[in-house]
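# A structural walkthrough
Take a look at the letters that make up each chain.
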Amino acid sequence: MNLIDKIVSLTKRRGFVFVSSEIYGGLQASYDFGPLGVELKNNIKSFWWKKVVTEHPEVYPIDTAIILHPKVWEASGHLANFTDDLVECKKCHQRFKKDEINDTRCPVCSGELTPPRKFRTMFETYLGPVQGSENLVYLRPETAQGIFINFKNVYQTQRARIPFGIAQIGKSFRNEITVGNFIFRLREFEQMELEYFVKPEQADEFFEKWKKERMDWYIKMGFDSKHLRFREHSHEELAHYSKATVDIEYKFPWGWKEIEGIANRGDFDLKTHSKFSGEDLSFLDSQTGEKYIPYVIEPSAGLERIFLALLCEHYHEFPKGRSKQSSKSQPEVFLSLPWFLSPVKAAVLPLVKDAKLIKISQDIFKDLLKCWVVVYDEKGSIGRRYRRQDEIGTPYCLTVDFDTLKDNSVTIRDYKTMEQERVKIPEIKNYLEKKFILV
Ligand code: ATP
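Let me begin by describing the structure that accompanies this report. (Residues numbered from 1 in each chain as written. Predicted model: local features only at pLDDT ≥ 70, side-chain atom pairs only at ≥ 80, totals over all residues. Heavy atoms only, no water.)

Looking at the ligand, there are 14 residues lining it, with Glu-176, Arg-185, Leu-186, Glu-258 and Ile-259 nearest. In this structure, Gln-191 approaches the ligand through a side-chain N or O atom, which is 3.3 Å from an oxygen atom. Those elements giving two or more residues to the shell around the ligand turn out to be β10 (188-198), β13 (255-266) and β16 (295-302). The dominant element in the shell around the ligand, judged by the number of residues it contributes, is β13, at 4 residues. A class-by-class count of the residues in the shell around the ligand yields 4 nonpolar, 4 polar and 6 charged. (Near = heavy atom within 4 Å. Polar contact = N/O pair within 3.5 Å; in protein donor to acceptor, adjacent residues only side chain to side chain. Helix = DSSP H or I, 4+ residues; strand = E, 2+ residues; numbered from the N terminus. Nonpolar A, V, L, I, M, F, W, Y, C, P; charged D, E, K, R; others polar.)

Printed below as a string of structure tokens:
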């Protein structure tokens with residue numbers, strides 16, 4: 001099995017990701033996130049929020065609608081430009097995104113391909129009961145436009161001064177021609193986007209600053225720097241709004257691929273929305289009297305791609321077992337996620353199914369639940385239970401054994417070092433709090 005197959009198997013087995021509508025045969029490139037997947041997703045989002053919003057008092061959060069006034073997409077250039085070149089095989093009728101195939105023939109059956117035609121990748125729907133062109137609206141293909149159209153609302157209500165940012169996490173929709181590689185390319189996905197407004201002459205400086213901050217964010221999540229790189233867009237590749245763009249790429253098992261784009265969008269968006277709406281979206285500095293349209297630096301990251309990259313980065317297999325308790329009949333899986341991303345922070349395990357040990361374990365479990373996502377597990381041998389926690393990256397396993405009855409202590413096992421320490425029950429919370437160091 002290759003790494004991606006192993007990850008697909010782990011995520012299904014342990015309830016991170018399910019094929020969507022599976023009982024009806026599944027829906028192409030559509031996935032549901034199960035209990036552990038939701039926790040991991042939330043933890044990635046929280047870490048992004050902490051580093052981009054909370055630790056930046058000049059960055060304001062927003063949560064805008066998915067369906068916006070259709071004029072937004074006319075002004076932003078999406079109606080005209082958010083298209084892919086689609087080619088179709090004349091023989092097997094499969095359709096491809098032109099820039100994803102290297103050949104002039106069909107990659108499946110070598111048939112002749114049609115000339116490319118433009119395919120708009122925004123999903124369409126209708127507002128209200130009448131399905132006429134006057135009611136046509138779109139599901140947003142990026143969260144950014146909701147931010148631009150609220151630029152004035154935010155800076156005026158928050159009395160913001162340049163430089164400042166507006167950040168949003170939310171679903172985006174793209175009717176991609178080709179999908180694949182598990183959750184890498186989806187038609188419905190979540191973006192974490194920041195629009196950071198700056199004086200035009202400071203745009204290059206802030207572009208470099210955000211490049212650095214965003215790369216550091218990945219390193220803090222335990223990515224090996226050798227598996228990440230910046231890739232600058234060539235002039236021909238730049239989007240219609242962009243003055244400069246770099247992608248942060250991750251070395252996936254199938255090659256280097258984008259997980260985040262960082263763009264200097266210039267003043268394109270605020271200018272075009274000013275023009276189309278008639279609303280003046282320039283910034284007036286009340287202290288200096290200066291009035292201008294700021295430039296915007298945009299780091300835009302895809303949640304599911306980062307989720308997948310994290311699993312690729314932190315998945316380890318030990319064919320001969322990593323612990324004394326290993327059965328060695330099967331490889332042991334270990335997910336080395338940093339503690340703040342781990343879906344479960346601790347597991348409470350009575351050594352055996354003994355009424356006294358179960359009672360103590362349950363009490364500890366209930367107490368810890370007030371602070372963290374914790375699980376209780378009494379099923380199977382202790383070795384097997386450790387392995388179940390290792391494969392989902394649970395940082396600490398707390399074992400209640402017969403010595404606990406004498407010394408009121410539990411054994412706490414660290415997932416990375418596998419070292420074990422005896423800790424008094426009233427000290428457990430303190431002990432864990434000290435281990436959970438914020439980065
Ligand atoms: P690609 O070239 O791979 O199609 P893009 O350049 O169109 O991506 P952006 O418009 O820069 O992507 O979007 C920002 C981020 O949103 C991307 O870096 C990626 O992480 C995420 N993203 C974009 N399209 C998808 C998709 N179809 N499925 C999952 N994530 C996506």
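The full count for this structure, using the stated rule, is 29 aromatic pairs. Consider the rings of Phe-334 and Tyr-415, whose centres lie 5.9 Å apart with planes at 80°: the pair is edge-to-face. Here Phe-334 is found in strand β18 (residues 332-335), whereas its partner Tyr-415 is found in the loop between β22 (409-414) and β23 (420-424), with 81 residues between them in sequence. Tyr-415 carries the same exposure label as Phe-334, and that label is buried. Sitting over the ring of Trp-217, Arg-214 keeps its end group 4.3 Å from the ring centre. Above the ring of Phe-184, the side-chain terminus of Arg-305 is found at 3.9 Å from the ring centroid. (Phe/Tyr/Trp six-rings, centres within 6.5 Å; stacked < 30°, edge-to-face > 60°. Buried < 20%, exposed > 50% of the residue type's maximum accessible area, 1.4 Å probe, protein only. Lys NZ or Arg CZ within 6 Å of the ring centre and 35° of its normal.)

Right, let's get into the nonpolar core. Of all hydrophobic cores here, the largest spans 83 residues; its most connected members are Ile-44, Tyr-218, Met-221 and Ile-306. Both domains that furnish three or more residues to this core are identified here as domain 1 (3-71 + 136-311) and domain 2 (335-435). Residues contacting Met-221, with those up to four places away along its chain left out, are Phe-47, Ile-306, Leu-310, His-314, Pro-338, Phe-340 and Leu-341. Among the nonpolar cores identified, the runner-up in size contains 19 residues, and Ile-147, Phe-164, Tyr-292 and Val-296 belong to it. (Core = buried A, V, L, I, M, F, W, Y, C linked by side-chain atoms within 4.5 Å. Domains from an automatic or database assignment. Contact = heavy atoms within 4.5 Å.)

As a packed pair, helix α2 (residues 35-54) and helix α7 (residues 203-220) sit with axes 11 Å apart at the nearest point and diverge in direction by 140°. For the element pair α2 / α7, the angle class is oblique. Every pair of crossing elements has a handedness; the one defined by α2 and α7 is right-handed. Contacts from Ile-44, Phe-47, Trp-48, Lys-51 and Val-52 of α2 reach α7 at Glu-213, Arg-214, Trp-217 and Lys-220. In terms of residue class, the contact of α2 with α7 is built from 5 nonpolar, no polar and 4 charged. (Axes fitted to C-alpha atoms, helices over the stretch in contact; angles between N-to-C directions. Parallel < 35°, antiparallel > 145°, perpendicular 65-115°, else oblique. Left-handed = near helix turned anticlockwise from the far one by under 90°.)

Looking now at the side chain of Ser-30. Among the secondary structure elements, Ser-30 is positioned in the loop between β1 (17-19) and β2 (31-33). Here Ser-30 is in contact with Val-19 and Ser-20, once residues within four sequence places are set aside.

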